[in-house]
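What follows is the residue order along each chain.
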Amino acid sequence: MPKSDAEKAAEAQRVQQVQQRLAAAKTTRDQRKADAEFDFWADVAAAIDSGEVKQAEACEAIGYGREYVRRQLIEHRAQVEARAAAANSDTAD
């Protein structure tokens, strides 16, 4: 038996709500992954910058090549600056 218009509308609304919930969950997951990645590279940068380890020793510990780590640290430092600039602009408003 075919569904009534009310049943079709209810089903469409239910599907839309689930899709919105899943999209929000994906956004949360992506943000958490980005935050974890930022924190990881902050730890690596801090260990190298403080002199606890040399870059080559850090690379050995984390299993990445020196060039990759160098590029990630450059990107991380740019993110730090961007976050600081964003925080400064938020407080200036």
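Residues numbered from 1 in each chain as written. Predicted model: local features only at pLDDT ≥ 70, side-chain atom pairs only at ≥ 80, totals over all residues. Heavy atoms only, no water.

Draft legend 1. Expanded view of the packing of aromatic side chains. Per the counting criterion, the structure on display carries four aromatic pairs. Relative to Y68, the ring of W41 has its centre 6.1 Å away and its plane inclined at 65°; by these criteria the two rings are edge-to-face. Of this pair, W41 sits in helix 1 (residues 5–49) while Y68 sits in helix 3 (residues 66–92), and the two are 27 residues apart along the sequence. Owing to a relative accessible area of 30%, Y68 belongs among the partly exposed residues under this scheme. Measuring from centroid to centroid gives 4.9 Å for Y64 and Y68, while their planes differ by 50°, and the two rings are tilted. Each residue in the set F40, W41, Y64 and Y68 is aromatic and connected to the rest through ring pairs, giving one cluster. Directly above the aromatic system of F38 lies the positively charged group of R83, at a separation of 3.6 Å from the ring centroid. (Phe/Tyr/Trp six-rings, centres within 6.5 Å; stacked < 30°, edge-to-face > 60°. Helix = DSSP H or I, 4+ residues; strand = E, 2+ residues; numbered from the N terminus. Buried < 20%, exposed > 50% of the residue type's maximum accessible area, 1.4 Å probe, protein only. Lys NZ or Arg CZ within 6 Å of the ring centre and 35° of its normal.)

Draft legend 2. Expanded view of the environment of Q17. By the secondary structure assignment, Q17 is in helix 1. The spacing of Q17 and A85 is 68 residues in sequence and 36 Å in space, taken between C-alpha atoms.

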